[in-house]
Amino acid sequence: MICVSFLILCLARGLAGLSSLRTLNKRLDCNQLGLDNCKIESCSEKPITAPREEAPVGPVWDSVHVGVWMDDHEPVSVVNVTWKLKVDGGLYKLQGSVISIRDETTNQSLCVQFSFMINQVQNPNYKRWKFSLDGVVVEPGHTYTVSILNLPEPENGDYRIKEQFTIPGCGDRRIMKSLLCLQNGSLWDPHMETDVTFDKKNKKLYIAVSFVVAQYSENYQVSIQSQGFFYSKNISKENRSLISEKFVFSLWELSQCEMWLTIQPFFIQCKSDCLRVENTLNYCLYYSQRDSFVKVAVGLFLVGVFLASFAFRTSPKEPANTSLSADEEQQQDSKLQERKRVLIIYSPDHPLYKNIVLKLCAFLMSKCGTEVFLDLLDYTRLGVLGSIQWLEWHRQQIEKSSDKILILCSKGVQAKWKAMCGDKKVFLREDARSPVGDMLSPALSLLIPHFIRSASYEKYIVAYFEDISSEEDVPSPFRIMIRYKLMKQFEEVLFRILDAEKHKPGRVNYIEGISEGEHHNCPSGRDLQDAVDAFQAYQLQHPHWFEDELLESSELEVEESSAEICEDAQTTTALITSYDSDSTKVFSLLNSQERPELSKNEECQLRSDLRAV
């Protein structure tokens, strides 16, 4: 294969300031065994032509690859175009090939001509002759048309081949590290944090917002918005790596609890049209928590004073010992070591989405040391108890403990909630294939009354996968809570599961390997990210995918379930394999390299539960 990157000097000088469509001067090799007089040059203004019977046939398309190359110490996005020659007698008539690339966005074009003679039908490796033009500099989001023809051209007819492709945006991992994408903020992760405090005496609300700055953005706009209220502040980086700003509001200015925090960067390329970072904040939760904390603190203080006074009277010669014993300290530390459990409520919108849910379970179990309750992993007990009894039993167990209920919102969750409120009934193909039928509707019927009457919402966690779902997929009862975006805010979700605080006086805790940029470094996290990417790509190719998964009532009886049951068994087997290959657990809230492994009894029990499917 010839890997060629040719800089057309005359053309490059004329277009250097107009277009990025050029080739990098990295590979000038034009040597390949079996070729004679091979050279590369700019396209001739007068093409080589011949009668049709003396012209070779056209080439065959091979592939297009997108990546990042270094150009003068700067990473740029490039494309490599490859084509093959047909194996026939016409090869002996071949005098070369011409490849033209046109940017449909800017109408700029590039043309390179290969000149050579072939003395055998196949290359010395007994394979088709293959050629490529490598290192063509392209721009994210632009569409390009490539045409390739063999020389000489036929005087009558056209044997050239054409292909059109679009370079992905800066969110694509293949090019997100190019300079153009970096200048659009492709790798910026602000790690936005908020802290809320109250001044009841003066009726003031204080919100502190902190975030990590980006390399290619010097200015930012931080805004806080609520119903009928908007406030923004322009901030300059000023050689800081972390920006922290405090906002002060009077409580009478705020008409509702929920607020939206937005950070708008101004990157070099996108300027004022850059991707913004948003988060929601329910300050009433902090207000009520602070109220409760103060009342409890005052009550404990009074009880403590009373007990101290009583102890002083009864044993005046014996000073009260207020230090914790070694056993008490050990019990306090063991709270973080306790294995947490999570019940996952979701809608099987699509087989690819079910795969995401299973991969999330594997990630929670193998990387986070969390026990997971999921219908897909407990068909045996579901068949014995029934869906309502199975859900009610788990709800009661969670109410008695510190375990959590994780509600994964998606299009199916919103559609079934609306159906419960009077809209058209929803029948999903995956529910029809499942041996236990629709599990979400009875789960919502069972949980929402308890949720609404609950004095606190600490048992419930509401989240959705940001790449495949949106805020609109969250049913209205859950919108009073913080909605977490996965996997961007997965660390916050895990802190909720562990009943731990991320922010403590004088320090910020974090969990190693869990953040958005780190979770895919372990096998189970990588499998989860691959599953999300696969469903995201499917949604782009099938915009009406959810409508395609809906069934009419007449179709329910004819939907076969045997194939899907087999698929679930294979998926569960893969889940077990993923668990074995990534057995580290996260119990420590700090950056610790020492983490306890599963005991033999725990491991055997988990394998037994999974294989019960």
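Quick caveat: nothing in here was measured; it's all calculated off a predicted structure. Residue positions are given per chain, counted from 1 along the sequence in the order it is written. The predicted origin of the model limits local features to residues at a pLDDT of at least 70 and limits the giving and counting of side-chain atom pairs to 80 or more, whereas totals for whole chains, interfaces and linings rest on all residues. Working from all heavy atoms in the structure, the side-chain values ignore hydrogens and water.

Peer 1: Help me out: how do you make sense of the overall build of the protein in this one?
Peer 2: Every helix listed is a DSSP run of H or I at least four residues long, and every strand listed is a run of E at least two residues long, numbered separately from the N terminus. Across its full length, the protein carries 15 helices and 26 strands. Residue burial in the protein is summarised as follows: out of 613 residues, 45% are buried. We call two residues in contact whenever any of their non-hydrogen atoms come within 4.5 Å of each other. For the protein, contacts bridging at least 24 residues in sequence account for 70% of all contacts bridging at least 6. With the model as given, the accessible surface of the protein reaches about 32,100 Å², and the carbon-plus-sulfur share is 51%. Only protein chains enter the accessibility calculation, which uses a 1.4 Å probe; a residue whose area is less than 20% of its type maximum is buried, one above 50% is exposed, and one in between is partly exposed. For accessible areas, the Shrake-Rupley method is used with a probe of radius 1.4 Å. Any residue's cover is judged against the shown protein chains and nothing else.

Peer 1: Even after reading the chapter, I still don't get the confidence of the model for the protein, so can you show me in this structure?
Peer 2: Reading fine detail from the predicted coordinates is not recommended where pLDDT is low. Looking at the protein, pLDDT values average 77 and 75% of them are 70 or higher. Confidence of the prediction at every residue is given by pLDDT, a number between 0 and 100. Overall, residues 1-19 carries pLDDT values under 50, and its contacts beyond four positions in sequence, including any with other chains, amount to 51 contacts. In the predicted structure, residues 315-336 sits below a pLDDT of 50 and forms seven contacts with residues beyond four places in sequence or in another chain.

Peer 1: What's the story with the packing of helix α5 (residues 351-366) against helix α12 (residues 523-541) in this structure? I'm lost.
Peer 2: The relative placement of two packed helices is expressed as an angle between their axes plus a distance between the axes. Here, axes are lines fitted to C-alpha atoms. For helices the fit covers the stretch in contact, and angles between N-to-C directions go from 0 to 180 degrees. For the pair α5 and α12, interaxial distance at closest approach is 8 Å and the crossing angle is 165 degrees. In terms of orientation, α5 lies roughly antiparallel with respect to α12. Taken as a pair, α5 and α12 cross one another with a handedness that is left-handed. Listed contacts from α12 to Leu-352, Tyr-353, Asn-355, Ile-356, Lys-359, Leu-360, Ala-362, Phe-363 and Ser-366 of α5 are Ser-524, Gly-525, Asp-527, Leu-528, Ala-531, Val-532, Ala-534, Phe-535 and Tyr-538. Our angle categories are set so that under 35 degrees counts as roughly parallel, over 145 as roughly antiparallel, 65 to 115 as roughly perpendicular, and the remainder as oblique. The hand of a helix crossing depends on one turn: near helix anticlockwise from the far one by less than a right angle means left-handed, and clockwise means right-handed.

Peer 1: I would appreciate a short explanation of the side chain of Ser-147 in the present structure.
Peer 2: Looking at where Ser-147 falls in the secondary structure, it is placed in strand β10 (residues 143-151). Given the relative accessible area of 11%, Ser-147 is considered buried. Beyond its immediate chain neighbours, meaning those up to four positions away, Ser-147 contacts Val-98, Ile-99, Ser-100, Arg-160, Ile-161 and Lys-162.

Peer 1: Whenever I open this one, the environment of Lys-404 confuses me. Can you help?
Peer 2: Tracing the backbone through its elements, the reader meets Lys-404 in strand β22 (residues 404-408). Overall, the relative accessible area of 3% leaves Lys-404 in the buried class. Along the sequence, Lys-404 and Tyr-460 sit 56 residues apart, while their C-alpha atoms lie 5.9 Å from each other. Look past the residues within four positions of Lys-404 in its chain and what remains in contact with it is Arg-341, Val-342, Leu-343, Ile-398, Glu-458, Lys-459, Ile-461, Arg-496, Ile-497 and Asp-499. Contacts described as polar in this section are N or O atom pairs within 3.5 Å, which, within protein, must combine one atom able to donate a hydrogen with one able to accept it, while residues neighboring in sequence count only if both atoms come from side chains. At 2.8 Å, the side chain of Lys-404 and the side chain of Asp-499 are in polar contact.

Peer 1: Please clarify how the packing of helix α8 (residues 411-420) against helix α10 (residues 440-453) should be interpreted in this entry.
Peer 2: At a minimum axis distance of 10 Å, the contact between α8 and α10 shows a crossing angle of 65 degrees. Looking at the two axes, α8 sits roughly perpendicular to α10. Like other packed secondary-structure pairs, α8 and α10 cross with a definite hand, here right-handed. Contact residues: α8 offers Gly-412, Val-413, Lys-416, Trp-417 and Met-420, while α10 offers Leu-440, Ser-441, Leu-444, Ser-445 and Ile-448. We call Asp, Glu, Lys and Arg charged. Ala, Val, Leu, Ile, Met, Phe, Trp, Tyr, Cys and Pro are nonpolar, and the rest, Gly among them, are polar. Broken down by class, the residue content of the contact of α8 with α10 amounts to six nonpolar, three polar and one charged.

Peer 1: What am I meant to see in the pairing of strand β14 (residues 204-212) here?
Peer 2: Here is the key point about a regular strand: its side chains alternate between the two faces of the sheet. Think of it this way: DSSP has to see at least two bridges between two strands before they count as a pair. Pairing between strand β13 (residues 193-199) and β14: seven bridges, direction antiparallel. Looking at β14, one finds that Asp-195 is bridged to Ala-208. The antiparallel pairing of β13 with β14 creates a hairpin that spans four residues between the two strands, and Lys-203 there sits at a positive phi of about 55 degrees. Pairing geometry for β14 and strand β17 (residues 242-250), over nine bridges, is antiparallel. By the bridge assignment, Val-212 is partnered in β17 with Leu-242.

Peer 1: Could you clarify how one ought to interpret the environment of Pro-435 in this entry?
Peer 2: One can find Pro-435 in the loop between α9 (429-433) and α10. For the pair formed by Pro-435 and Leu-382, sequence separation is 53 residues and the distance between their alpha carbons is 9.6 Å.

Peer 1: Help me understand unusual backbone geometry, please; the structure alone is not making it clear to me.
Peer 2: One can expect most non-glycine residues to show negative phi and most peptide bonds to be in trans. With an omega dihedral of 0 degrees, the bond running from Leu-151 to Pro-152 counts as a cis peptide bond. With omega at 0 degrees, the peptide bond leading from Leu-486 into Met-487 counts as cis. Mapping Met-487 onto the fold places it in the loop between β24 (483-486) and α11 (490-498). The phi dihedral of His-73 falls on the positive side, at around 70 degrees, and the residue is not glycine. Mapping His-73 onto the fold places it in the loop between β5 (60-71) and β6 (74-84). A residue is classified by how much of its surface remains accessible, and His-73, at 78% relative accessible area, is exposed.

Peer 1: What am I meant to see in the sheet that holds β13 here?
Peer 2: The strands that make up a sheet are held in pairs by hydrogen bonds between backbone atoms, and each pair lies either parallel or antiparallel. Read from one edge to the other, the open sheet built from three strands follows the order β13-β14-β17, with strand pairing classed as antiparallel. The open sheet has two free edges, formed respectively by β13 and β17, since each of these has just one partner strand. On average, adjacent strands in this sheet sit at an angle of 15 degrees to one another, irrespective of strand direction.

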